[in-house]
Structure formats: C-alpha cells, structure tokens
Amino acid sequence: MPRLCDICNDARAIVRRPKTAQSICKECFFHVFETEVHNTIVDSNLFKPGDRVGIGASGGKDSTVLAYVMKTLNDRYSYGLDLYLLSVDEGISGYRDDSLETVKRNKEQYGLPLLIVSYEQLYGWSMDSIVAAVGRKNNCTFCGVFRRQALDRGALMLDLDHIVTGHNADDVAETILMNIFRGDISRLGRCTEIATTGEGYIVRSKPFKYAYEKEIVMYAYLRRLDYFSTECTYSPNAYRGYAREFLKKLERVRPSAILDIIHSGEAMHVAKDVQLPSLDRCQRCGYISSNSICKACVLLEGLERGIPKLGISRTKQDVEAGPRESDLVHFEKLRQDALEMRKTRQNSAACPQSACACRSESGTENCS
Ligand code: SF4
C-alpha cells in the first residue's frame, strides 16, 4: 500500500522533505514551500505596498522558482508589489546567451517586464574577453564584483526600491563557512542578514534564505517550470567549491546542518571595539566602496592597462597610476535620474484622500 502524506493523510506521499524528513504529497509540498517563503517575507517585513521589486533573473532554477513564487505570493496575499525581471548578461557564450532565452520565455509566461543589462554595455568588457585576457584562474572574482554593480545599475535604471535574489539556504551556509575560513568578520556579519541596503536606498534581499536547494529543485521539477540547468562554461569559484563539498558532507550526516550553520552565523556578533571598514563613495564611478577607488574600477583599470592582476594582488601605487580610458556611467548620474523618476512616480500616485483613484502628473493636491 502506498505511503500517505504525513500532512493531509489523504494523497500519496511522493516527496521526502530534506528539511523535516516528512513524506508528503505534491500539493502539500507546494503549500508548505510557498507558505514558508511567505512567512520569511512577512516575519522580516521585506516589502511595503507599492514597492517596485526587481527579481534578479538568470534563467537558473533558483531565480526561476523565485520569480514564480514571488508572482504567486504577490497575487495570493495582495502584497501590492510591482514586479520586474532584472537580468545581467555577463557575455559568456554557450551559457548566458542560452539561459537568457529562458528568462525571455519566463517574461512571457509570468507576464513580467524584463530589463537585461550587459557587462559589455556597462564596462566595455564581456566575460569572454576578460577570460581571454586574464585566463581562468580569477575570472569569478571579476564576474562577482561586476555582477553586484550591474544589478544596482539596472535597479536604478528601473527606479526599483528593492532587488530580490535567489540565494538559498545552502548558498548562505556556504558563504558563512567561507567567511569563517577566511576570517572575514565584516562580510560574516553582512552575509547572514536577510536584507541589506545597497546603492543608496535600494534594498537587496533573499526570500529563499531558509529554503533548501534540494527543495527548490523539487519545486521547479514538480511545477514543471521552464529553467536552464547547464553549468557556467568557466570553472566555478574554487574556494566556494570547497565550502560546498564540506557542507554536503555535513548535510549527509545531519540534514539540519544547513539551518544550524545559518542560525549560528546569525548569533555571531562582532565585539563593539572591533573597527570595521566604513563605506564611502568611489572617487571614480560614485559606487559605494570601502576604499577610495572601488573594486570594479580597480579591476577595469587592470584590464585596460594590460595588468589584470591589479585588484587581485594590487598595490596603492598601481591604483593611483592613472585613470581608465573609458569611465563607467557615473553612479551619481544614474542616482539623479532614478530620483527624478521617483519624484514623477510619487506625484502621479493615486490620491490618498480620495476614492477617485485620480492619477495626476502635477500631484495630488488638486484632486477634489
Ligand atoms: Fe561568473 Fe564564475 Fe559564476 Fe561563471 S562561474 S557566472 S564566471 S561567477
């Protein structure tokens, strides 16, 4: 006789949850997965009605499930969010070009607007050309630094309040381990937060912070979502690979290890007398940075001067040696444009005093 679902005790169990070891049916799995993400969002007060939220979409399983679940929960619980898909094209042939085709289909499937920003357009370099210049050893350093800025630049172009990313519990636990191994206490504090403020007012958060990777894969499979599953052409970040391997071993012995590590990370606090780097603005591009020149500008300068190790193993002298030939669009310019868009948006908002849903370019003060 087939085993019945531990929750509804009615339908046949087809999933064993790695998180709780419960055997449950498909419908109960969808329900608990979505409800847990909803609880994470509500408990952490992630959004407010009217927020413009960009979903960092790569076409992979995590971001595809995130787009589907965000749209489902926004409709089901009336969050009142304006959702957008925001993708970064790193310029990796045979990988990102194919995965972006998936995002374009998701745009139609979920009825969400999509903006794609590319490294080529933002920095003048694609990952293919970076790998040709630096080889495969440090390519992920370039890619990670550029992606973070690219998302913030895309968010300013769309006048977003918030970016959500598909980082799951396994990713968070790996990052905690990596920061402990490296002794990076400043990043250790930030990586456990569910939401951080990035460029100015734009909040960045991880609604899947407590969702296991295995459950996200199951969800995508059982919902038959359209996602792209090929690995990046360039070798994955070796250091993260060690942390991932170690975490998988721990999980085999103790399935709750992933959540245990996250909760331990959350419980760690830096002593008050420890001095952490303070954040300022990059003197070249205006992006937030703990140094006078941000990491992206240092890396770009190295590429343009034919010394790609600059920024990987840099010296102060190298950085001050000269400006880059092509400057990034200054963040201040993007920020000012976004503030203008925001002002127009606020002025044309529905009148709060009236039931007439008046939307006026000149503001709500004339509404009767
Ligand atoms: Fe970029 Fe490295 Fe990830 Fe490929 S594996 S997308 S190069 S960070």
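Structure report, in brief. Not measured: the values here are computed from a predicted model.

The rules behind the values
- Residues numbered from 1 in each chain as written.
- Predicted model: local features only at pLDDT ≥ 70, side-chain atom pairs only at ≥ 80, totals over all residues.
- Helix = DSSP H or I, 4+ residues; strand = E, 2+ residues; numbered from the N terminus.
- Buried ≥ 20, exposed ≤ 12 C-beta atoms within 10 Å, placed from the backbone.
- Arc of directions from axis to C-beta.
- Contact = placed C-beta atoms within 7 Å.
- Pairing = 2+ DSSP bridges.
- Axes fitted to C-alpha atoms, helices over the stretch in contact; angles between N-to-C directions.
- Left-handed = near helix turned anticlockwise from the far one by under 90°.
- Nonpolar A, V, L, I, M, F, W, Y, C, P; charged D, E, K, R; others polar.

**Considerations on the overall build of the protein**
Now for step 1: When you go through the protein residue by residue, the secondary structure sums to 14 helices and ten strands.
Now for step 2: Buried residues in the protein amount to 38% of all 368 residues.

**What to know about helix α5 (residues 127-134)**
Now for step 1: Looking only at α5, the buried set comprises Met127, Asp128, Ile130 and Val131. End-on view of α5: buried residues confined to an arc of 160°, all on one side of the axis.
Now for step 2: The elements touched by buried residues of α5 are α4 (119-123), α6 (139-157) and α12 (295-304).
Now for step 3: Trailing α5 by a residue or two, glycine 135 shows a phi angle of about 85°, which is positive.

**With respect to the sheet that holds strand β4 (residues 82-89)**
What holds strands together in a sheet is hydrogen bonding between their backbones, with the strands either parallel or antiparallel.
Now for step 1: Strand order in the open sheet made by the six strands is β5-β4-β3-β6-β8-β7, with mixed pairing throughout. With partners counted over all chains shown, the strands left at the sheet margins are β5 (114-118) and β7 (195-197), one partner each. For this sheet the average axis-to-axis angle between neighbouring strands, irrespective of direction, equals 25°.
Now for step 2: Across five bridges, the pairing between strand β3 (residues 52-56) and β4 is parallel.

**Examining the environment of methionine 341**
Now for step 1: In this fold, methionine 341 is placed in helix α14 (residues 331-347).
Now for step 2: On the basis of neighbour count, methionine 341 is assigned to the partly exposed category, with 15 C-beta atoms found within 10 Å.
Now for step 3: Distance from methionine 341 to leucine 156, taken between C-alpha atoms, is 9.5 Å for residues 185 residues apart in sequence.

**Here we look at the environment of arginine 284**
Now for step 1: Mapped onto the secondary structure, arginine 284 falls in the loop between β9 (280-281) and β10 (288-289).
Now for step 2: Separated by 14 residues in the primary sequence, arginine 284 and valine 298 place their C-alpha atoms 9.8 Å from one another.

**Considerations on the packing of helix α2 (residues 61-76) against helix α9 (residues 213-222)**
Now for step 1: Following both chains from N to C, one finds α2 and α9 inclined at 65°, their axes separated by 10 Å at the closest point. Regarding α2 and α9, the two cross each other, and that crossing is left-handed. Of the residues in α9, those touching α2 at Lys61, Asp62, Thr64 and Val65 are Ile216, Val217, Tyr219 and Ala220.
Now for step 2: Tallied by class, the residues present in the contact of α2 with α9 amount to five nonpolar, one polar and two charged.

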